[in-house]
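Observations on chain architecture
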Amino acid sequence: MMTTPTDANRPTSRTIAAVTRTTTVRVNRFALLDLVAEAKRFADAKSTMPILATTLLQVEPEGKLRVAATDLLRTVDGKVKADVATTTTGSLTDFAAALNESVRLGLAAEQSIAFPQPAVGIDAKKLHEVVKALPGSDVDIVFSDRLTLTEVDTFRENKTRVCSICRKRSTQAAADGTCVDKPSYAAKMPCGGKLLDTCRDVSHTVEVSLLSGKSRFNLRSLSSRDFPKLPAVAASAWHRLDAVVLREVLEKVAPTISKDATRSHLNGALLEIGGGLLRGVSTDGHRLAKVDRAVTTTLRTDQGGQKGFVLPLAGVNELLKFLPGLIDKLKKGAVVAADVEVALLLSASAASTDKPHYTTFAWRRPSSDVVYSQKLELVQFPPYDQVIPRDSEKCAMADRAALVAALKRMLISASEKTGDVKVTLRGDEDDGTLQPVQMRLSTDSDVGDASEDIDDVVGTRCYEWQCSGRDAEGHKVSVRVPFVFGVNGNYLVAALEEMSSATVWMGFNGELDPLVLKAFADAADVVVVMPMRLKRRVK
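Conventions and cut-offs
Residues numbered from 1 in each chain as written. Predicted model: local features only at pLDDT ≥ 70, side-chain atom pairs only at ≥ 80, totals over all residues. Heavy atoms only, no water. Helix = DSSP H or I, 4+ residues; strand = E, 2+ residues; numbered from the N terminus. Buried < 20%, exposed > 50% of the residue type's maximum accessible area, 1.4 Å probe, protein only. Areas by Shrake-Rupley, 256 points an atom, 1.4 Å probe, with all protein chains shown as cover. pLDDT = per-residue confidence, 0-100. Contact = heavy atoms within 4.5 Å. Core = buried A, V, L, I, M, F, W, Y, C linked by side-chain atoms within 4.5 Å. Pairing = 2+ DSSP bridges. Salt bridge = Lys/Arg side-chain N within 4 Å of Asp/Glu carboxyl O. Expected span 1.5 Å × (residues − 1). Disulfide = S-S within 2.5 Å. Axes fitted to C-alpha atoms, helices over the stretch in contact; angles between N-to-C directions.

Bringing the overall build of the protein chain into the picture now. In terms of regular secondary structure, the protein chain is built from eight helices and 32 strands. In the protein chain, buried positions account for 45% of the 539 residues. Here the protein chain has roughly 28800 Å² of accessible surface; of this, 51% comes from carbon and sulfur atoms.

Here it is in structure tokens:
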């Protein structure tokens, strides 16, 4: 005996119209593997936002597959050549007609209907594992987009009704059966729309599959609508910069960048470019490095009233990984000049009183489709010119390698917590010429004490005046005593090891004034190390 469907046993959800688009993208597996491997590095698997743990796959109109990932601070955005084929099942025109009829009946909200570019977010780690394991040299990525107009009996499903105006679901109604919800938070009056037992909604789903040889993977994905907006760099924004010079500057300032991420103004390197000069400055509060290099580029960092920008430590590290791949080495160890393309994006002022500021620093190989970028924080770098002494009353020059070796020996017996080393200089020269001086390093801690004299040191005015008493007439009598100061031996060793010169020039003023390190007296590159108070008596 056959039965006819009734309202009681009819499904609460029905498909009114549907249309499906299948997009097949064929790419070279090895080119894709390179991009997904980079994307895996940039994806944030530990984030509370699931979309940040994914790699974005998106079909571009020009026939390329876009592969991107971001952790909201660092971004990689690349494209790979692809062969794209598209087929459609169902009529988009008929689907639009069904939606318009639903809108006329008040069952659906008015909206535009169109297929966006196929795009999904796939778990970055799993995507990399799949692409790496697939056989063959080519991979077919199949995107199945489906637009569905579904009617739902909301009252039978969960005892709610849908407003024909604000589209909100409600279990309550006014006396006349109209909606009692407010259309917005700021609204003062209820919506007043008609409550319906059924509603019709449009859904858009995307499924993705990877095929190669006889292997097929159907991977779960997240909607690309949730993927963060990525920086867009116009073609006119790119500028060429010497990769060798940029790497050298970053390598010299990287050690003195503060590792404390909460101090964002110190957790990066200040870069100033303009007038044929590239300057890098960094400090962690205990030491400071300033490096100047001549460079030819059209990029300037003095836009919007700013002298430069602070590139975060994460961006510095990414550039130091990226730049060596551009630089070729000759057999004798010399490097071949190479260029990197960089771009600096300036914010659009939100209000007339706001000052524009740099938001993103991007880089790539010349004319490459793979773009790396680092978000820039709006921070004020300390006025480094006020930290670097303009003149040094005293100075000394020593063999750099010998000084480094002696300092390392002193650190064996120095305090592990402070690493304090006492430096004693003894010299009587007054006329400003370099003359032989005595230099001694010493330490004293719970471990024990140690000292060592450094040979072949020259300097000038390496003494201090100290009151030794009063004469018969009551006037103070001053005598010359050795110049003594304390310094963190670890910081001093790290600074000296970054230098490449055979000798080191050291400038001093007082025992609590910054210590200046240069290759020679007039060198442009400067390292400043802050002094320490010697808490214990050091022999």
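Attention now moves to the confidence of the model for the protein chain. Residues with a pLDDT of 70 or more make up 84% of the protein chain, whose mean pLDDT is 85. Looking at the elements of the protein chain, mean pLDDT is at its lowest for helix H4 (residues 154-158), recorded as 62, and at its highest for strand S20 (residues 371-375), recorded as 97. Note on residues 1-6: pLDDT is under 50 here. Beyond four places in sequence and across chains, it has one contact.

By size, the foremost hydrophobic cluster in this structure holds 66 residues, and its most contacted members are Leu65, Ile141, Phe143, Leu210 and Val340. Apart from the residues within four sequence positions on either side, Ile141 is in contact with Thr23, Thr24, Val25, Val27, Leu32, Leu65, Val208, Ser209 and Leu210.

What follows deals with the pairing of strand S15 (residues 277-283). Among the seven residues of S15, six are classified as buried, and the element is accordingly described as predominantly covered. Alignment of strand S14 (residues 268-274) against S15, held across five bridges, turns out to be antiparallel. The residue of S15 that forms the bridge with Glu272 is Arg279. From the end of S14 to the start of S15, which pair antiparallel, there are two residues, and Gly275 there has a positive phi angle of about 65°. As paired elements, S15 and strand S16 (residues 287-294) share seven bridges and run antiparallel to each other. Within S16, the position partnered with Leu277 by the bridge is Ala294.

The next thing to look at is the pattern of salt bridges. The full count for this structure, using the stated rule, is 25 salt bridges. Lys79 is the partner of Glu62 in a salt bridge, and the nearest nitrogen-oxygen pair spans 3.2 Å. Residue Glu62 is located in the loop between strand S2 (54-60) and strand S3 (64-70), and its partner Lys79 is located in strand S4 (residues 74-89); the two are separated by 17 residues in the primary sequence. Overall, Lys79 belongs to the partly exposed group, its relative accessible area being 29%. Where Asp339 meets Arg240, a salt bridge forms, and the shortest distance between an N and an O atom there is 3.7 Å. Of this pair, Asp339 sits in strand S18 (residues 339-346) while Arg240 sits in strand S13 (residues 239-242), and the two are 99 residues apart along the sequence.

Before going further, it helps to spend a moment on helix H2 (residues 92-104). For the α-helix, the turn length of 3.6 residues means that residues three or four positions removed from each other point alike. The terminal C-alpha atoms of H2 lie 18 Å apart, and with 13 residues this matches the ideal 18 Å at 1.5 Å per residue to within 8%. Where H2 is buried, its residues meet strand S1 (13-28), strand S6 (138-153) and strand S10 (198-212). Looking one or two residues beyond H2, the residue adopting positive phi is Gly106, at roughly 80°.

Using the criterion set out here, one finds zero disulfides in the structure. Just so you know, Cys395 is unpaired, no disulfide at all, and the nearest cysteine sulfur is the one on Cys462, 6.5 Å from it. Taking relative accessible area as the criterion, Cys395 reaches 9% and is therefore assigned buried.

This part covers the sheet that holds S14. The strand order S17-S14-S15-S16-S31-S30-S29-S21-S26-S23 describes an open sheet built from ten strands, whose pairing is antiparallel. With partners counted over all chains shown, the strands left at the sheet margins are strand S17 (309-312) and strand S23 (435-436), one partner each. Taken together, the four bridges between S14 and S17 define a ladder with antiparallel strand orientation. Looking at S17, one finds that Leu271 is bridged to Phe309. Sheet strands touched by helix H5 (residues 243-253): S14, S15 and S16. Its angle to S16, the strand with the most contacts, is close to 170°. Along the sheet, helix H8 (residues 489-498) contacts S16, strand S29 (503-508), strand S30 (515-518) and strand S31 (526-529); its crossing angle with S30, the most-contacted strand, is approximately 20°.

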